[in-house]
Amino acid sequence: MDEQLITDFADVPSCDPATARVTIIPAPLEYTVCYMKGTQHGPQAILNASSQMETYDEELDCEPIDVGIHTRPALDYRGMDHASALRATGDAVREVLQRGQLPLTLGGEHSLSAPAIAAVHGHYPDLTVVHIDAHGDLRDEYEGTPLSHASIERRVVDMGIPLLEIGIRSFSPEEVAFLRTGPDVAIVWAYQMARGIATIPWERLSKHTYVTIDLDAIDPSEMPAVGTPEPGGLSWYQVLDLFREICRRTTVVGMDVVELCPMPGQTRADFLAAKLVYKLIGYRFCS
Ligand SMILES: [Mn+2]
């Protein structure tokens, strides 16, 4: 099984890139990971696990695979420095947008979201970003680089994009200080979700939304294969319900699922990530 490399999501022949409605961009980016390494293997692990899913969605009573999914060949970052790799990621996202399709990027480390969001923002200037994560990712820079995975949402603020963060439970004093300066950021904390006292400011969403999901938003009991597993995370159904509600209220025009760090024996984590990607496509196009 290990040797089997799946190149098409769900192992169903990839839809013609000219007629697809969603293009999956495998982005095995890994430059600034600071704790557990391995995110470069995330996209392939997701594709491999996706071959084991049923394509029927019992909740939506349809097969989201029929939407038209094209899986692009994985981005090849060999020989690139971090900045060049991010540019290449943004270019790939732009190419998908120019074909009128939804780009769905599979990470890889979270820093890839910045160029992806910049590209989508170029097409949809009214964009709002919803960031589902354990971490605020609002540091101005981390370990000497503003391109870090730990600074990704700060770059979104720099772009002037309204931001809604959900599931946060790891936040630095530096980020608290930044938040007090009054940036266009709303945060729904994980403890509020867990205790049923969260009020999600849905009115912040504009017509077009980009959703970035760091898999460490999900509780480590369900999603152990991440670089920084934080206790007290969201459940599978909480994440699905959030996304379903986002799709009900706005048009999702770009998304990414990042930070899978495949670990030996943790098949459930790869499979969760693959199934999450498939559920996102279903909610986006079939409900
Ligand atoms: Mn995170």
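Further up the page is the structure itself.
This report concerns the structure included in the present document. (Residues numbered from 1 in each chain as written. Predicted model: local features only at pLDDT ≥ 70, side-chain atom pairs only at ≥ 80, totals over all residues. Heavy atoms only, no water.)

For the manganese ion, every protein donor is listed as Asp133 (OD), His135 (ND1), Asp214 (OD), Asp216 (OD) and Asp216 (OD), and the spread of their distances is 2.2 to 2.7 Å. Mapped onto the sequence, the donors of the manganese ion take the spacing D-x1-H-x78-D-x1-D. Both residues of the pair, aspartate 214 and aspartate 216, count as buried. (Donors = N, O, S within 2.8 Å, 3.2 Å for Na, K, Ca; no water. Buried < 20%, exposed > 50% of the residue type's maximum accessible area, 1.4 Å probe, protein only.)

Attention shifts here to the packing of helix H7 (residues 236-249) against helix H8 (residues 267-286). The relative placement of two packed helices is expressed as an angle between their axes plus a distance between the axes. Where H7 meets H8, the closest approach of the two axes is 9 Å, and the angle between their N-to-C directions is 25 degrees. Our classification of the angle between H7 and H8 gives roughly parallel. Considering how the two elements wind past one another, H7 and H8 form a crossing that is right-handed. Of H8, the residues touching H7 (which contributes Trp236, Val239, Leu240, Phe243, Arg244 and Cys247) are Leu272, Lys275, Leu276, Lys279, Leu280, Tyr283 and Arg284. Here the residues of the contact of H7 with H8 are counted per class, giving nine nonpolar, no polar and four charged. (Axes fitted to C-alpha atoms, helices over the stretch in contact; angles between N-to-C directions. Helix = DSSP H or I, 4+ residues; strand = E, 2+ residues; numbered from the N terminus. Parallel < 35°, antiparallel > 145°, perpendicular 65-115°, else oblique. Left-handed = near helix turned anticlockwise from the far one by under 90°. Contact = heavy atoms within 4.5 Å. Nonpolar A, V, L, I, M, F, W, Y, C, P; charged D, E, K, R; others polar.)

Moving on to the pattern of salt bridges. Going through the model one piece at a time under the given rule, you end up with twelve salt bridges. The partner of aspartate 184 in a salt bridge is arginine 204, with the nearest N and O atoms 2.8 Å apart. One end of the pair, aspartate 184, is in the loop between helix H5 (173-179) and strand S6 (185-189); the other, arginine 204, is in the loop between helix H6 (190-194) and strand S7 (208-214), with 20 residues separating them in the sequence. Using a relative accessible area of 41% as the deciding quantity, one classes aspartate 184 as partly exposed. For arginine 204, a relative accessible area of 22% gives the class partly exposed. With a shortest N-O distance of 3.5 Å, arginine 244 and aspartate 241 are connected by a salt bridge. With arginine 244 and aspartate 241 both in helix H7 and three residues apart, this pair spans about one turn of that helix. Judged by relative accessible area, arginine 244 falls into the partly exposed class, the value being 37%. Salt bridges linked by common partners bring Asp57, Glu59, Asp241, Arg244 and Lys279 together as one network. (Salt bridge = Lys/Arg side-chain N within 4 Å of Asp/Glu carboxyl O.)

Okay, the sheet that holds strand S2 (residues 69-71) next. Judged by pairing direction, the sheet is parallel, and its eight strands sit side by side in the order S2-S1-S3-S8-S7-S4-S5-S6 without closing on themselves. Every interior strand has two partners, whereas the edge strands, S2 and S6, have only one. Averaged over all neighbouring strand pairs, the angle between strand axes comes to 15 degrees, with direction disregarded. Here strand S4 (residues 128-132) pairs with strand S5 (residues 163-168) via four bridges, running parallel. For valine 130, the partnering residue across the bridge sits in S5 and is leucine 164. The strands that helix H2 (residues 82-98) touches are strand S1 (22-27), strand S3 (102-107) and strand S8 (251-258); relative to S3, the one it contacts most, it runs at about 155 degrees. (Pairing = 2+ DSSP bridges.)

The terminal C-alpha atoms of H2 lie 24 Å apart, and with 17 residues this matches the ideal 24 Å at 1.5 Å per residue to within 8%. The inward-facing, buried residues of H2 contact S1, S3, helix H3 (113-123) and S8. Immediately beyond the C-terminal end of H2, within one or two residues, lies glycine 100, with a positive phi of roughly 80 degrees. (Expected span 1.5 Å × (residues − 1).)

A separate point is the environment of proline 115. Relative to the helices and strands, proline 115 is located in helix H3. With relative accessibility at 14%, the residue proline 115 sits in the buried group. For proline 115 and glycine 38, which are 77 residues apart along the polypeptide, the C-alpha to C-alpha distance reads 21 Å. If we ignore the near neighbours within four places in the chain, the residues touching proline 115 are Leu86, Thr89 and Gly90.

The next point concerns the side chain of glutamate 30. Its place among the elements puts glutamate 30 in the loop between S1 and helix H1 (42-50). For the buried glutamate 30, no salt bridge exists, and the shortest N-O distance to an oppositely charged side chain is 5.5 Å, to lysine 37. Within polar-contact distance, the side chain of glutamate 30 engages the backbone nitrogen of threonine 39 at 2.9 Å. Engagement of the side chain of glutamate 30 in a polar contact is seen with the backbone nitrogen of glutamine 40, the distance being 2.8 Å. (Lys, Arg positive; Asp, Glu negative; His and termini not counted. Polar contact = N/O pair within 3.5 Å; in protein donor to acceptor, adjacent residues only side chain to side chain.)

So, about the packing of H2 against H3. One way to put it is that H2 packs onto H3 with a least axis distance of 8 Å and a crossing angle of 35 degrees. Where H2 crosses over H3, the two elements pack in a sense that is right-handed. Residues Leu86, Thr89, Gly90, Val93, Arg94, Leu97 and Gln98 of H2 touch H3, and the partners they reach there are Pro115, Ala116, Ala119, Val120 and His123. Here the contact of H2 with H3 is composed, by residue class, of seven nonpolar, four polar and one charged.

Let us look at the pairing of S1. The element S1 is extensively covered by neighbouring structure, given that six of its six residues are classed as buried. Going residue by residue along S1, you find Val22, Ile24 and Pro26 tucked away on one face and Thr23, Ile25 and Ala27 tucked away on the opposite face as well. Relative to S3, S1 runs parallel, the two sharing six bridges. Bridged to valine 22 within S3 is leucine 102.

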